[in-house]
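# Structure at a glance
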Amino acid sequence: MTDRYEPVNSQDWKQRSKEGEYSLKNLDKDWHGVFLPHLHGVTETDRGKATHGKARAFADIDEIDSRGTFQKAEVSKELKRMNRLELEGRLGITSNKVDDLLERAERRTVAMSTKHKAQKGEIKYKAFMEVVREYRLTTEQESTLKNAVRVFAFVEEFSCRPPTFVMGFITLLELASFLYTSTYLYTTYEVPITWTGPVPYCSALIYNPSRRWELWRFASYMLVHIGIGHFVFNMIMQILVGVFLEMEQCGVLGSFKVLVVYMSGVMAGSLGTSLSDPATYLAGASGGVYALIAAHLATLALNWQEDSQIRIKKVVKKPITKIIRLSFIILLTLHDVGYAIYVRLYDPENRTGFMGHLCGSLAGLTVGIFVLDNRRVRTWEPVVQWVSL
């Protein structure tokens, strides 16, 4: 009898390998130890029979089915207590998806319970494993369009739970201030707002070098903008960069970390400008925006190896993400430096606060290294963090 070989399509082989990686048996190896203290109603299966092939697979499924049930609240608390690296690196889910997966598993448990009605908050272990399997298969083998969008978003999953309230609140505050200032200039001085002006010298919020004793101006200048173009550009950059940075941090504390980075850039921008260009008025949120941009560089430096080793393959494991983030930062830096040189040489009347941009960037980088999430603290990182501070 001669052996017969059948060619296998490489795409089919990859698909089978992926499905094998996310089989219930492999997922059970990762999750069972975590759930063990919380499982109830566990039954024993016959492990004495030697089984092969499909029979062995059915036996594995029966064993998973016999794991019993657990209480949703207990496991939710357990998973949220785990650090981010362990949750994403070992179990393959992000912290902002825990509640969603548990809710899906609870609904599936109700659908599976034909003989005995499941109690509220009770979830079958097998139902949860099936939900995790479907979640990882669908999100990690997503379409090219969704994958590209996720790469540009800098994070492995879109989520606003908890809401990114810091960037939203600051943006709304700056919008309200811009509308009020524009209305005040027109109604009081009959000066209409244009794309490039006017400069609201009369504002009590603008940084006025002749009124340095009014200390609030060192921070409140971020609420004042010079024209529609200045405001629109800052708000677009603030939302694109700031919201995604805030989404990348963990929980409400992460949102406050982003606020610290933003305000450090604002304060550094005004202090740096007051020292280098003591006669320059300062307006706009550029110091805070550049701090947010540089903070992305800080997160890359802190989590470079962790992003490469992480088990979730949606975005952060792909080198293109790091390339995009670095390219974005480099392009903005080159643009600002080039434009600053051009203004100094050919447009001396232009009073753009480039020193505020530079100081904001430095503050965002150094403060970001110190306060932003660090998935795994290595021996050299605390030294760098304290030096940055």
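We now turn to the structure provided with this report. Please read all numbers here as calculations on a predicted model, not as lab measurements. Numbers given for residues are sequential positions, taken from 1 along each chain in its written order. Totals for whole chains, interfaces and linings use every residue, but because this is a predicted model, local features are given only for residues with pLDDT of at least 70 and side-chain atom pairs only at 80 or more, for both listing and counting. With hydrogens and water stripped out, all remaining heavy atoms of the structure feed into the side-chain values.

Another point: the overall build of the protein chain. Within the protein chain one finds 17 helices and two strands. Whether a residue is buried, partly exposed or exposed follows from its accessible area with a 1.4 Å probe, protein chains only, as a fraction of its type maximum: under 20%, in between, or over 50%, in that order. Counting all 389 residues of the protein chain, 47% fall into the buried class. We call two residues in contact whenever any of their non-hydrogen atoms come within 4.5 Å of each other. Long-range contacts, defined here as pairs at least 24 residues apart, represent 76% of the contacts in the protein chain between residues at least 6 apart. Note on areas: Shrake-Rupley with a 1.4 Å probe; residue coverage comes only from the protein chains shown. Approximately 21,200 Å² of the protein chain is accessible, and the part contributed by carbon and sulfur atoms is 63%. A run of DSSP states H or I qualifies as a helix once it reaches four residues; a run of E qualifies as a strand once it reaches two. Both are numbered from the N-terminal end.

What follows covers the packing of aromatic side chains. Stacked, tilted and edge-to-face are the three classes applied to pairs of Phe, Tyr and Trp rings, where Trp contributes its six-membered ring and a pair requires centres within 6.5 Å; stacked means planes under 30 degrees apart, edge-to-face means over 60, and tilted covers the rest. Under the criterion given, the structure shown has 14 aromatic pairs. Pairing Phe165 with Phe256 gives two aromatic rings, centres 5.8 Å apart and planes at 70 degrees, and the pair type is edge-to-face. In this pair, Phe165 sits in helix H9 (residues 165–189) while Phe256 sits in helix H12 (residues 251–276), placing the two residues 91 residues apart along the sequence. With relative accessibility at 40%, the residue Phe256 sits in the partly exposed group. Where Tyr180 meets Tyr184, the ring centres are 6.2 Å apart and the plane angle is 20 degrees; that geometry is what we call stacked. Highlighted residues: Tyr180 and Tyr184, both in helix H9, separated by four residues, approximately one helical turn. The exposed category is assigned to Tyr180, whose relative accessible area is 58%. For Tyr184, a relative accessible area of 33% corresponds to the partly exposed category. Through successive ring pairs, a cluster of aromatic residues spans Trp31, Phe35, Phe70, Tyr125 and Phe128.

The geometry of helix H13 (residues 286–302) relative to helix H16 (residues 354–371) is characterised by a closest axis approach of 7 Å and an angle of 35 degrees between their N-to-C directions. Read as a crossing pair, H13 and H16 show a hand that is right-handed. Touching Ser286, Gly287, Tyr290, Ala291, Ala294, Ala295, Leu297, Ala298 and Leu302 of H13 are Gly356, His357, Gly360, Ser361, Gly364, Leu365, Gly368 and Ile369, all from H16. Grouping the amino acids of the contact of H13 with H16 by side-chain chemistry returns nine nonpolar, eight polar and no charged. The axes are straight lines fitted to the C-alpha atoms, using for helices just the contacting stretch, and the angles between their N-to-C directions are given from 0 to 180°. Left-handed describes a crossing in which the near helix is turned anticlockwise from the far one by less than a right angle; the clockwise case is right-handed. Classification used: nonpolar for Ala, Val, Leu, Ile, Met, Phe, Trp, Tyr, Cys and Pro, charged for Asp, Glu, Lys and Arg, polar for all others including Gly.

Take the nonpolar core next. Counting residues in hydrophobic clusters, the biggest one holds 29 residues, and the most contacted among them are Met167, Tyr262, Leu292 and Ile293. Here this core takes six residues from helix H11 (residues 227–248), the largest share from any one element. When residues no more than four places from it in sequence are discounted, the contact partners of Leu292 are Met167, Gln238, Val241, Gly242, Leu245, Val258 and Tyr262. For this analysis, a nonpolar core means a set of buried residues of the types Ala, Val, Leu, Ile, Met, Phe, Trp, Tyr and Cys, connected via side-chain atoms within 4.5 Å. Listed in part, the 25 residues of the second largest apolar core include Val75, Val98, Leu102 and Val131.

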